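Coordinates in review
The chain contents come next:
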Amino acid sequence: NIGYDVTGDHSFDLQIPGAGQGAFTSGCAAQFAGHSSGDFDCNNRYGGCDSKDGCAKLPAELRDACKWRYDWFHWLDHAGKTNNPYVNFRRVRCPELLTSISGAIPADDDEVPAAELGSDLLV
């Protein structure tokens, strides 16, 4: 997922509730009636809510994922180092578990390797 507001092939977006909507602000409000666009990122499109308290503005079904950002991901704990952390990544074939739900399979999916379950590549 690239929002075209980031340049280069060095990054991808993790879609975390409450973490900012970036360039695209209409999807969440359209999906969850009764919420304004700003409810999904505490009116901070790039970066999202500054504290876990902001998660309370989200629809109930998204709050736990928002809290994950603070409890597990440790958002901004180490002088901002968890904001866009550096990771090694590579594309792998979409798992059947996901494609069976979405019904979508990339046209070139058979050209990339399958995920190596249990390997340190998935840590």
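First, a word on scope: everything that follows refers to the structure included in this document. By convention here, each chain's residues receive numbers from 1 onward along its written sequence. The model is predicted, so local features are restricted to residues of pLDDT at least 70 and side-chain atom pairs to those at 80 or more, both for listing and for counting; the totals for chains, interfaces and linings are taken over all residues. Note: side-chain values were computed over all heavy atoms of the structure, leaving out hydrogens and water.

1. A closer look at the environment of R63
Selection criterion: Helix numbering and strand numbering both begin at the N terminus, where a helix is a DSSP run of H or I of at least 4 residues and a strand a DSSP run of E of at least 2. A 1.4 Å probe rolled over the protein chains alone gives each residue an accessible area, and that area as a share of the maximum for its type sets the label: buried under 20%, exposed over 50%, partly exposed in between. Pairs of residues are marked as contacts when any of their non-hydrogen atoms sit within 4.5 Å.
Here R63 lies in helix α2 (residues 60-71). Judged by its relative accessible area of 29%, R63 is partly exposed. A sequence separation of 46 residues divides R63 from P17, and the C-alpha atoms of the two residues are 7.4 Å apart. In this structure, R63 is in contact with C55, A56 and L58, ignoring residues within four places of it in sequence.

2. What to know about the state of the cysteines
Stated precisely, the cut-off is as follows: Disulfides are defined in this document as cysteine sulfur pairs within 2.5 Å.
Counted according to the given criterion, the structure contains two disulfides. For the protein chain, the bonded cysteines connect in the pattern 1-2, 3-4 when numbered consecutively along the sequence.

3. Overview of the packing of aromatic side chains
The criterion, for reference: Planes of paired rings set the category: under 30 degrees apart is stacked, over 60 is edge-to-face and the rest tilted, where pairs are Phe, Tyr or Trp rings (Trp by its six-membered ring) whose centres lie within 6.5 Å.
Using the criterion set out here, one finds three aromatic pairs in the structure. Their ring planes at 40° and their centres at 5.9 Å tell us that F32 and F40 sit as a pair that is tilted. The exposure class assigned to F40 is buried, which follows from its relative accessible area of 3%. Both rings, one in W68 and one in F73, keep their centres 5.4 Å apart while their planes meet at 15°; by these two values the pair is stacked. By relative accessible area, W68 is classed as partly exposed at 34%. According to the relative accessible area criterion, F73 is buried, its value standing at 14%.

4. Description of the pattern of salt bridges
Here is the rule we go by: Salt bridges are identified by distance alone: a Lys or Arg side-chain nitrogen within 4 Å of an Asp or Glu carboxyl oxygen.
For the coordinates displayed, the defined rule picks out three salt bridges. A salt bridge links K52 to D71; the shortest N-O distance between them is 2.7 Å. With K52 in the loop between α1 (27-31) and α2 and D71 in helix α2, this residue pair connects regions lying 19 residues apart in the sequence. A relative accessible area of 37% means that K52 is categorised as partly exposed. Here R91 and D108 are joined by a salt bridge, their closest N and O atoms 2.8 Å apart. Of the two residues, R91 is situated in the loop between α2 and α3 (96-102) and D108 in the segment after α3; the sequence distance between them amounts to 17 residues. By sharing partners, the salt bridges in this structure join R91, D108 and D109 into a single network.

5. Focus: unusual backbone geometry
Phi at C42 is positive, roughly 55°, even though this residue is not glycine. Along the chain, C42 turns up in the loop between α1 and α2. Phi at N43 takes a positive value of approximately 60°, unusual for a residue other than glycine. Following the sequence through the fold, N43 ends up in the loop between α1 and α2.

6. As for the environment of G22
Here G22 lies in the segment before α1. With 19 residues separating them in the primary sequence, G22 and D41 have C-alpha atoms 9.3 Å apart.

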